[in-house]
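Structural characterization, general
What follows is each chain in one-letter form.
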Amino acid sequence: MRNLSIVTLFVILALTAWTQQAQAPVEVSSEPHHHLVLENMFVRVFAVSVDPGASTLMHRHGHDYLSVSIGDAQVMNAKEGAQPVAASFHDGDVRFTAAGLVHAVSNTGSTPFRNRTIELLAPTTNQKACTEACAIPVPCESADKAACPSVVKLFTSDQWSVTMVTLPPGAKYPQHTHLANFLTVPLTEADITRKNQDQPETVPHSKVGELTWNNPLVHTLTNNGKTTAKTIVLEFRGRPAGEGSESLGPKDAPKPHDHR
């Protein structure tokens, strides 16, 4: 009887594995580990979380997308019709994937696999990762360069750019211009004083992975906290959209410290 139970168990497990392999791909919006958190005319963003030992369904990405890793993770990436491949992700990794990917992801590590999957609703052209001269100069009055803010270009394309902004405790990122709409993805908890042009200061609390969509603006940032603040910034090019955005000037007249 016991042997029969064991055989039955193996049959059930084999059938389950076969069913997963045979499963027709679902759209990413129907995949249970992908949770829609933001959608507008530029992007559709999913918060992705897969616990250790868990797997996503086979799913389809119909748009080009950027992924921003939240924490470190080890996974097996199984593309449709191909053998699974091991992949490692590190906190803050930004990766671009072209439209049409059909895959499933299994978390083989000991930590959750988390990211923000940012679907780009317009086609992307001439995308490339930055490999040289990636630092964007930022004025800093501190004699200790370790206390200065830094802005590093990660990716560029004809339609958008991606940078990482790092603000050590006490660092001030002087007034700079965002000429079009932009999305921020904090990698750390932080209390950043923000001074928008002609507006009073605010001190919003940034939570890890909590997205903020922004219209074009001119502002100053200061880290008054005790820990370093890191943020991924996805900035779009071209005609701005949003209330008041037309007043900030054409895209062909960038101001100092613009994220381009």
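Attention here is on the structure that accompanies the text.

Calculation notes
In this numbering scheme, every chain counts its residues from 1 along its sequence in written order. Local features in this predicted model are restricted to residues whose pLDDT is 70 or higher, and side-chain atom pairs enter the listing and the counts only when it is 80 or higher, whereas totals over whole chains, interfaces and linings include all residues. Computation of side-chain values covers all heavy atoms of the structure but excludes hydrogens and water. For helices the rule is a DSSP run of H or I covering at least 4 residues; for strands it is a run of E covering at least 2, with both sets numbered from the N terminus onward. Every residue pair with non-hydrogen atoms within 4.5 Å of one another is taken to be in contact. The rule is short: rings of Phe, Tyr and Trp, with Trp giving its six-membered ring, pair when the centres are within 6.5 Å, and they are stacked under 30 degrees, edge-to-face over 60, tilted in between. For this analysis, a salt bridge means a side-chain nitrogen from Lys or Arg found within 4 Å of a carboxyl oxygen belonging to Asp or Glu. We call a residue buried when its accessible area falls under 20% of the maximum for its residue type, exposed when it is over 50%, and partly exposed in between, using a 1.4 Å probe and counting protein chains only. Among buried residues, those of type Ala, Val, Leu, Ile, Met, Phe, Trp, Tyr and Cys that are joined through side-chain atoms within 4.5 Å constitute a nonpolar core. In this description, strands pair whenever DSSP reports at least two bridges between them. For every element, the axis is a line fit to its C-alpha atoms; helices are fit only across the contacting stretch, and the angle between N-to-C directions ranges from 0 to 180 degrees. Whenever a pair of cysteine sulfur atoms sits within 2.5 Å, that pair is classed as a disulfide.

**Remarks on the overall build of the protein chain**
Regarding its fold elements, the protein chain presents one helix and 22 strands. Residue pairs at least 24 apart in sequence account for 73% of intrachain contacts in the protein chain once pairs closer than 6 positions are excluded.

**Looking at the packing of aromatic side chains**
For the coordinates displayed, the defined rule picks out five aromatic pairs. Taking the centre distance of 6.0 Å and the plane angle of 50° together, the rings of W213 and F236 count as tilted. Pair noted here: W213 is in strand β20 (residues 212–214) and F236 is in strand β22 (residues 229–236), with a separation of 23 residues, a long-range link. Members of the aromatic cluster, each reached through a chain of ring pairs, are F42, W213 and F236.

**A closer look at the pattern of salt bridges**
Per the stated rule, a full pass over the model turns up three salt bridges. Among the ionic pairs, E27 bridges to R60, the shortest N-O distance being 2.8 Å. Of this pair, E27 sits in strand β1 (residues 26–27) while R60 sits in strand β4 (residues 59–60), placing them 33 residues apart in sequence. Residue classification places R60 among the partly exposed residues on the basis of a relative accessible area of 30%. Of the charged contacts in the structure, one is a salt bridge between D93 and R95, with a shortest N-O distance of 3.5 Å.

**Comments concerning the nonpolar core**
Core analysis: the largest hydrophobic core is formed by 21 residues, its most contacted members being L66, I118, W160, V162, I232 and L234. Within the residue set of this core, elements represented by two or more residues are β3 (43–50), β5 (65–69), β8 (94–97), β10 (113–120), β14 (160–167), β16 (182–186) and β22. Setting aside anything within four residues of it in sequence, one finds W160 in contact with L66, F96, L120, T124, Q127, F155, L234, E235, F236 and R237. Core analysis: the second largest hydrophobic core is formed by 14 residues, V151, V165, A190 and I192 among them.

**Considering the sheet that holds β8**
Backbone hydrogen bonds are what pair the strands of a sheet, in a parallel or an antiparallel way. Overall, antiparallel pairing links the five strands, which are arranged β2-β3-β10-β5-β8 in an open sheet. For this open sheet the edge positions go to β2 (34–39) and β8, each flanked by a neighbour on one side alone. Taken pair by pair, the neighbouring strands of this sheet meet at an average axis angle of 25°, ignoring direction.

**Quick notes on the sheet that holds strand β6 (residues 73–79)**
The strand order β1-β4-β9-β6-β7 describes an open sheet built from five strands, whose pairing is mixed. A single partner strand is all that each edge strand has here, and the edge strands are β1 and β7 (85–89). Examined bridge by bridge, β6 and strand β9 (residues 102–107) share five bridges and lie antiparallel to one another. What sits directly across from A78, in β9, is A104.

**Focus: the environment of S142**
Positionally, S142 belongs in the loop between β12 (135–136) and β13 (150–156). Owing to a relative accessible area of 27%, S142 belongs among the partly exposed residues under this scheme. Along the chain, S142 and K172 lie 30 residues apart, while their C-alpha atoms are 9.7 Å from each other. The residues touching S142, leaving out its near neighbours within four places in the chain, are A147 and C148.

**Remarks on the state of the cysteines**
Evaluation of the coordinates by the stated rule reveals two disulfides. Between the sulfur atoms of C130 and its disulfide mate C134 the distance is 2.1 Å. An S-S torsion of about -110° defines the bridge between C130 and C134 as left-handed.

**Notes on the pairing of β7**
Sheet topology note: the β6/β7 ladder contains five bridges and is antiparallel. Note that in β7 the partner of Q74 across the bridge is S88. Remark: five residues form the turn of the hairpin made by β6 and β7, two consecutive strands paired antiparallel; G81 in that turn has positive phi of roughly 80°.

**Some points on the pairing of β9**
Burial within β9 is extensive, with five of its six residues counted as buried. Of the pairings in the sheet, the one linking β4 to β9 comprises two bridges and is antiparallel in character. In the sheet register, H59 faces β9, and the bridge partner there is H103.

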